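# A closer look at the structure
The lines below spell out each chain.
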Amino acid sequence: MSSSVTVQSAKGVRGIGVFTIVAGILMIIAGAVVWFVVSSTLSDEQITVSDDASMMAGQEVAGPFTAYAQADVINQHALEASEGMTYAELDREDPRRDTVMNASFLRASLFTSVVSFGVSALVIGLGVMFVLIGFALVRLGGPKVAAAAAPPGGPAPARTA
C-alpha cells in the first residue's frame, strides 16, 4: 500500500502579490514626489510665518504645519483689518473688502498645500501597506503540499510543512 502526496500551487496569488508590491512602490514614489514638489514650490515663494503667529513664528513656509500657521495668522490680520467682519459680511462698496478677499485667496492657497501634504502622506502610507500585503501574498502563493493518510495498520504518513 502506498500513500500519495499532492502539490498544489495557489494560482495567481504570487502574481497578485508581485503586482501589489509594484503598485505600493509606485505609490510611495508618487507620494514622495508630490510632497517634494509642494514643499519646493512653497519654499520658492519665500514666505515666512508672521512674527505674531501663535506658532512657528519666523519660520519659512515649506511644510504643512508652517503653511497652516501662516494661513491662520492671515485670517487674524484680515479680521483685524475688517473689525471682525468676513468678506461676505462687508458691504460691496467697503474698501476693506478687497483686502479681506485677497486674504481669503491666500488662505485658500495655503490650505490647498496643507491638503496636498496630507494626501501625499496618505499615499505614502498606503504604498507601504501595499508593499507589506504584497510580500504576504507572495509568501502565501508557494506550493501547498497535502499528504494522503496511510491505510489502517500501515506506516504513518509523512508530514510536510
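Details of the structure are given in the entry above.
Residues numbered from 1 in each chain as written. Predicted model: local features only at pLDDT ≥ 70, side-chain atom pairs only at ≥ 80, totals over all residues. Heavy atoms only, no water.

Ranked by size, the top nonpolar core spans 14 residues in total, and within it Leu42, Val49, Val61, Ala67 and Leu110 carry the most contacts. Where this core is concerned, the elements lending two or more residues are α1 (13-44), α2 (64-81) and α3 (96-140). Among the elements that line this core, the one with the most residues is α2, at 6 residues. When residues no more than four places from it in sequence are discounted, the contact partners of leucine 42 are Ile47, Val61, Ala62, Gly63, Ala67, Leu110, Ser113 and Phe117. (Core = buried A, V, L, I, M, F, W, Y, C linked by side-chain atoms within 4.5 Å. Buried < 20%, exposed > 50% of the residue type's maximum accessible area, 1.4 Å probe, protein only. Helix = DSSP H or I, 4+ residues; strand = E, 2+ residues; numbered from the N terminus. Contact = heavy atoms within 4.5 Å.)

The next point concerns the pattern of salt bridges. Enumeration according to the criterion identifies 2 salt bridges in this entry. The salt bridge partner of glutamate 83 is arginine 96, with a shortest N-O separation of 3.6 Å. Residue glutamate 83 is located in the loop between α2 and α3, and its partner arginine 96 is located in helix α3; the two are separated by 13 residues in the primary sequence. The exposure class of arginine 96 is partly exposed, given its relative accessible area of 24%. With its nearest N and O atoms 2.8 Å apart, the salt bridge here joins aspartate 94 to arginine 96. (Salt bridge = Lys/Arg side-chain N within 4 Å of Asp/Glu carboxyl O.)

This part covers α3. Over its 45 residues, α3 runs 65 Å from end to end, which matches the ideal 66 Å to within 8%, given 1.5 Å per residue. What α3 keeps buried is the set Arg97, Val100, Ala103, Leu110, Ser113, Phe117, Ser120, Gly127, Val131 and Gly134. Check the buried side of α3 and you find it contacts α1 and α2. (Expected span 1.5 Å × (residues − 1).)

Take the packing of aromatic side chains next. On inspection of all chains with the given rule, the structure shows 2 aromatic pairs. Ring centres of tryptophan 35 and phenylalanine 117 lie 4.6 Å apart, and the angle between their planes is 65°; this geometry places the pair in the edge-to-face category. With tryptophan 35 in helix α1 and phenylalanine 117 in helix α3, this pair connects stretches of sequence that are 82 residues apart. Look at phenylalanine 117 and you get buried, because its relative accessible area is 1%. Between tyrosine 68 and phenylalanine 111, the ring centres sit 5.8 Å apart and the planes meet at 50°, which makes this aromatic pair tilted. Of the two residues, tyrosine 68 is situated in helix α2 and phenylalanine 111 in helix α3; the sequence distance between them amounts to 43 residues. Between arginine 97 and the ring centre of tyrosine 87, over which it is positioned, the NZ or CZ distance is 3.9 Å. (Phe/Tyr/Trp six-rings, centres within 6.5 Å; stacked < 30°, edge-to-face > 60°. Lys NZ or Arg CZ within 6 Å of the ring centre and 35° of its normal.)

Turning next to a nonpolar patch on the surface. Judged by side-chain polarity, Val18, Val22, Ile25, Leu26, Ile29, Val33, Phe36 and Val37 come together as a nonpolar surface patch covering roughly 730 Å² of accessible area. Along the polypeptide, valine 33 turns up in helix α1. Given the relative accessible area of 47%, valine 33 is considered partly exposed. (Patch = residues over 30% accessible without salt bridge, like charges linked within 9 Å, V, L, I, M, F, W, Y side chains within 5 Å. Areas by Shrake-Rupley, 256 points an atom, 1.4 Å probe, with all protein chains shown as cover.)

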